[in-house]
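# Understanding the architecture of this molecule
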Amino acid sequence: MSRVLPVLTVLAGIVVVWYLGAVWLNSTWVYDQAERAGTTVTLAEVIPQTMAQERPLLPPPHQVAAELWKGVAGQAVTSKRSLVYHGFVTFKGTMMGFALGIVLGVALAMSIVRFRVMDMSVMPWAIISQTIPIVALAPMILVVANQVGVQDRDVPKAIIAAYLSFFPVLVSMVKGLRSPDQMQLDLLRTYGANEVQTFVKLRLPASMPYFFASLKVAIAASLIGTIVGELPTGAIEGLGARMLIGSQFGEPLIMWAALFAAAILAGMLILAVGAVERFARARMGVPA
Amino acid sequence: MKDTTNLGGDQAVIEAKGLNLVFQTADGPVHALKDVNLTVNRGEFVSFIGPSGCGKTTFLRAIAALETPTGGTLTVNGMTPDAARQARAYGYVFQAAGLYPWRTIAGNIKLPLEIMGFSRDEQDSRVARVLDLVELAGFGKKYPWQLSGGMQQRASIARALAFDADILLMDEPFGALDEIVRDRLNEEVLKLWARTGKTIGFVTHSIPEAVYLSTKIVVMSPRPGRITDVIDSPLPKERPLDIRDSRAFIEIAHRVREGLRAGHSDE
């Protein structure tokens, strides 16, 4: 309870501010309507009208919740209006990008730790790669993928997601693989261990805490990459597409519901990664 | 526990002749070992004592082929240190236990056995035997963090014993432990030495530790690292802790102290 209470307090604070903001922003429209009709309205009349507009500037929490509920439970999960359907598309893209990012990050980290020339040549470019805005890069990746004949929309999405998610894995794994101290390396030398044995028995297990710490960052980055990848695809499917539709057709409720669906998805993914991490730590004998 | 017939024999196990080792550092060359001549015979317990920078650890590392001498000859069991490593001639115990936190105690002891390609059954029986030897039987399934510092260091000794090397090299193995634990482990090392008949090379800062454990005490001094005195201990093999109050013990300790002082006087 002592851990839940602060979280709930902050949440309540956000909701209050949100409602106040909704009244303030949405009242403009109410006043405009009244002025056009040549009538005047009191504040007591305005407030209820800011709570249930069709196209509010800032939808109040209960409207977003209702739209979210409608999107999740009010549709068949195969429907194009279902947030479960779109959420799953985004989830699939996120996982593909996540997997690709892990493979890329670990492989690069291994070669950087092994070969000094890789450390000097690849590492600076890995850092530079993260300074390029992904929103600028994403459409180009989509166009190029299409040009070279990749019809599957999942592939460019996974590449964009991997582009963001490989980096935290790379940085953490380089640090993790280098974490064994000289004494531990000397110990293996006294056994006449070869390089592969040193890697498998010492470097790899020693890097695991670093690896799992990076996964939480990587999965969140992968989700963002996937959503960005869904934005310029002509808005067909996925939570990113849903947000774009809401924005293009002036349906803020759709946008906000998709936004919250993405946030919930992110939360679930991070919890799942945390569970995998706890399982792995228990297997490796780390005290809870 | 092989070659017990040779116990007390005078075969040279470690032989250094005119050994030199110079490190090239940013501040110029550092003479870590200068003209070191030493013969260690089978079954001896040799302590290396001296202040920091006297090359005692460097010498031990050179025996283990962790450092490469720049001059002179060094043989281990008649081979080069590198060849001796391949022949599994020695086990090495570092100052820190260095157990892998992700492996159990048994798993840690299996580490060298896995690398050297012992069968699973062989690994299990060897783990059981060396755990018994260091009096840690029943702790195989524990993780390192569940053990005290002294127990961890015993586990690391078990790890060094697991593959039956004839030589055990120990680099200040009890330096980080408190004196009460250190006394008990010293007794245990002596028992272990008596039971296994191994040749032991032991680096230490402590005069009582060196005198209590050794059959031969090598006193070293720094800048350049060299041997100033080699003392063959007249103490009997059986050594209860209170031997440290005996006249013979005090006399050897005195000679070690004199040797250390002499090494310092020419700075």
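From a predicted model like this one, the values you see are computed outputs, not experimental measurements. (Residues numbered from 1 in each chain as written. Chains lettered and ligands numbered in written order. Predicted model: local features only at pLDDT ≥ 70, side-chain atom pairs only at ≥ 80, totals over all residues. Heavy atoms only, no water.)

## A few points about the packing of aromatic side chains
Each aromatic ring pair is summarised here by two numbers: the centre-to-centre distance and the angle between the ring planes. Residue and element names in this part refer to chain B. The condition that has to hold: Pairing of aromatic rings covers Phe, Tyr and the six-membered ring of Trp, with a centre-to-centre limit of 6.5 Å; geometry is then stacked below 30 degrees between planes, edge-to-face above 60, and tilted otherwise. Every helix listed is a DSSP run of H or I at least four residues long, and every strand listed is a run of E at least two residues long, numbered separately from the N terminus. For every residue, the accessible area obtained with a 1.4 Å probe (protein chains only) is divided by the maximum for its type, and the residue is called buried under 20%, exposed over 50%, and partly exposed between those limits.
Under the counting rule described, the total for this entry stands at 13 aromatic pairs over all chains. Their ring planes at 45° and their centres at 5.8 Å tell us that Phe45 and Phe202 sit as a pair that is tilted. Of the two residues, Phe45 is situated in strand S3 (residues 45-49) and Phe202 in strand S7 (residues 199-204); the sequence distance between them amounts to 157 residues. In this pair, the class of Phe45 matches that of Phe202, namely buried. Plain terms: the ring middles of Phe48 and Phe59 are 5.4 Å apart, the flat faces sit at 70° to each other, and that makes the pair edge-to-face. With Phe48 in strand S3 and Phe59 in helix H1 (residues 56-63), this pair connects stretches of sequence that are 11 residues apart. On the basis of relative accessible area, Phe59 is assigned to the buried category, the value being 1%.

## Section: the sheet that holds S7 of chain B
All names here are of chain B. To be explicit about the condition: Two strands pair if DSSP finds at least two bridges between them. The convention used is that axes are lines fitted to C-alpha atoms, helices contributing only their stretch in contact, and that angles between N-to-C directions extend from 0 to 180 degrees.
Ordered in space as S5-S6-S7-S3-S8-S9, the 6 strands form an open sheet in which the pairing is mixed. Looking at which strands have only one partner, the edges of the open sheet turn out to be strand S5 (90-93) and strand S9 (226-232). Here the strands of the sheet are splayed against their neighbours by 15° on average, with no regard to which way each runs. Pairing geometry for strand S8 (residues 216-221) and S9, over 6 bridges, is antiparallel. Bridge pairing links Lys216 to Asp232 in S9.

## Notes on the side chain of Thr58 of chain B
Keep this limit in mind: Whether two residues are in contact is decided by their heavy atoms: any pair within 4.5 Å suffices.
Along the chain, the position of Thr58 of chain B falls in helix H1. Non-local contacts of Thr58 of chain B, meaning those with residues more than four positions away in its chain, are made with Leu21, Phe23, Ala32, Leu33 and Glu67 of chain B.

## Let's talk about the pattern of salt bridges
Keep this limit in mind: Basic side-chain nitrogens of Lys or Arg form a salt bridge, by our definition, when they fall within 4 Å of a carboxyl oxygen of Asp or Glu.
One pass over the structure, following the stated rule, counts 30 salt bridges over all chains. Lys216 of chain A is paired through a salt bridge with Glu277 of chain A; the nearest N and O atoms lie 3.5 Å apart. One end of the pair, Lys216 of chain A, is in helix H9 (residues 195-230); the other, Glu277 of chain A, is in helix H11 (residues 252-283), with 61 residues separating them in the sequence. You can call Lys216 of chain A partly exposed: its relative accessible area is 35%. A salt bridge links Asp124 of chain B to Lys110 of chain B, with the shortest nitrogen-to-oxygen separation between them at 2.9 Å. You can see Asp124 of chain B sitting in helix H4 (residues 120-133) and its partner Lys110 of chain B sitting in helix H3 (residues 105-115), a full 14 residues away along the chain. One connected set of salt bridges, linked through shared partners, spans Lys92, Asp154, Lys157 and Glu230 of chain A.

## With respect to the sheet that holds strand S2 (residues 28-41) of chain B
Within a beta sheet, neighbouring strands are joined by backbone hydrogen bonds and run either parallel or antiparallel to one another. Residue and element names in this part refer to chain B. With antiparallel pairing, 3 strands are arranged side by side in an open sheet as S2-S1-S4. Two strands bound the open sheet, and with one partner strand each, they are S2 and strand S4 (71-76). Neighbouring strand axes in the sheet, compared pairwise and without regard to direction, differ in orientation by 25° on average. Pairing of strand S1 (residues 12-25) with S2 involves 10 bridges; the strand directions are antiparallel. Its bridge partner lying in S2, Gln24 is registered against Pro29. Lying on the sheet, H1 is in contact with S1, S2 and S4; it crosses S1 at an angle near 115°.

## Some words on the domain arrangement of chain A
Residues and elements named next belong to chain A. Here is the rule we go by: All domain edges in this entry derive from an automatic or database-based domain assignment. Buried area is understood as the total, over both parts, of accessible area removed when two parts are fitted together, assessed with a 1.4 Å probe. Polar contact is the term for a pair of N or O atoms within 3.5 Å; when the atoms are in protein, one must be able to donate a hydrogen and the other to accept it, and sequence-neighboring residues count only if both atoms are side-chain atoms. Under this grouping Gly is polar, as are all residues other than the nonpolar Ala, Val, Leu, Ile, Met, Phe, Trp, Tyr, Cys and Pro and the charged Asp, Glu, Lys and Arg.
Partitioning chain A into structural domains gives domain 1 (4-58) and domain 2 (83-283). The centre of domain 1, based on its C-alpha atoms, is set 39 Å off from the matching centre of domain 2. Of the roughly 460 Å² buried between domain 1 and domain 2 on both sides combined, carbon and sulfur atoms contribute 64%. Broken down residue by residue, the surface that domain 1 buries against domain 2 is led by Trp18, Arg55 and Pro56, which jointly contribute 67%. Counting across the domain 1 and domain 2 interface gives 1 salt bridge. The closest approach of N and O atoms between Glu251 and Arg55, which form a salt bridge, is 3.5 Å. Joining domain 1 to domain 2, the criterion identifies 2 residue pairs in polar contact (both at pLDDT 80 or more). Partitioning the side of domain 1 that touches domain 2 into residue classes produces 3 nonpolar, no polar and 2 charged.

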